[in-house]
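Examination of the molecular architecture
Listed below are the residues making up each chain.
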Amino acid sequence: MAKVKINSEACIGCGLCAATCPESFAINGEGKAEVIADVDDGMVDTVVESCPVAAIEKE
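Cut-off values and rules
Residues numbered from 1 in each chain as written. Predicted model: local features only at pLDDT ≥ 70, side-chain atom pairs only at ≥ 80, totals over all residues. Heavy atoms only, no water. Helix = DSSP H or I, 4+ residues; strand = E, 2+ residues; numbered from the N terminus. Rg over C-alpha atoms; globule rule 2.2 N^0.38 Å. Buried < 20%, exposed > 50% of the residue type's maximum accessible area, 1.4 Å probe, protein only. Contact = heavy atoms within 4.5 Å. Areas by Shrake-Rupley, 256 points an atom, 1.4 Å probe, with all protein chains shown as cover. Lys, Arg positive; Asp, Glu negative; His and termini not counted. Charge placed at Lys NZ, Arg CZ, Asp CG, Glu CD.

**Here we look at the overall build of the protein**
- Per the secondary structure count, the protein includes 2 helices and 4 strands.
- Beginning at the N terminus, the succession of helices and strands in the protein can be written as β-α-β-β-α-β.
- Since a compact globule built from 59 residues should have a radius of gyration of about 10 Å, the 10 Å found for the protein is in line with a globular shape.
- In terms of its C-alpha atoms, the protein occupies a principal-axis envelope of roughly 25 × 20 × 20 Å.
- When the 59 residues of the protein are sorted by exposure, 31% land in the buried category.
- Sequence-distant contacts in the protein: of pairs separated by 6 or more residues, those separated by 24 or more amount to 52%.
- A total accessible area of about 3500 Å² is found for the protein, and carbon and sulfur atoms account for 49% of it.
- Here the protein contributes 4 positive and 11 negative side-chain charges, whose respective centroids are spaced 5 Å apart.

**Structural notes on the environment of Gly 15**
- If you trace the backbone, Gly 15 turns up in the loop between strand E1 (4–6) and helix H1 (16–20).
- Of the residues examined, Gly 15 reaches a relative accessible area of 18% and is grouped as buried.
- Remark: the alpha-carbon pair of Gly 15 and Val 39, spanning 24 residues in sequence, is separated by 16 Å.

Rendered as structure tokens:
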């Protein structure tokens with residue numbers, strides 16, 4: 001499992017990360033993505049690269 005973090009200032013809350021990997025991401029009450037669990041190693045690059053504003057980074 002891979003650790004990731006979200007730059008909440010860059011996040012636009014599009015929800016793509018939560019749709020792609022719902023076991024690891026959720027949209028919080030402020031409309032921003034948050035990490036709720038580590039990301040499966042096989043999905044981490046997909047999720048990081050799919051963020052339209054590059055708000056997700058590997059730790």
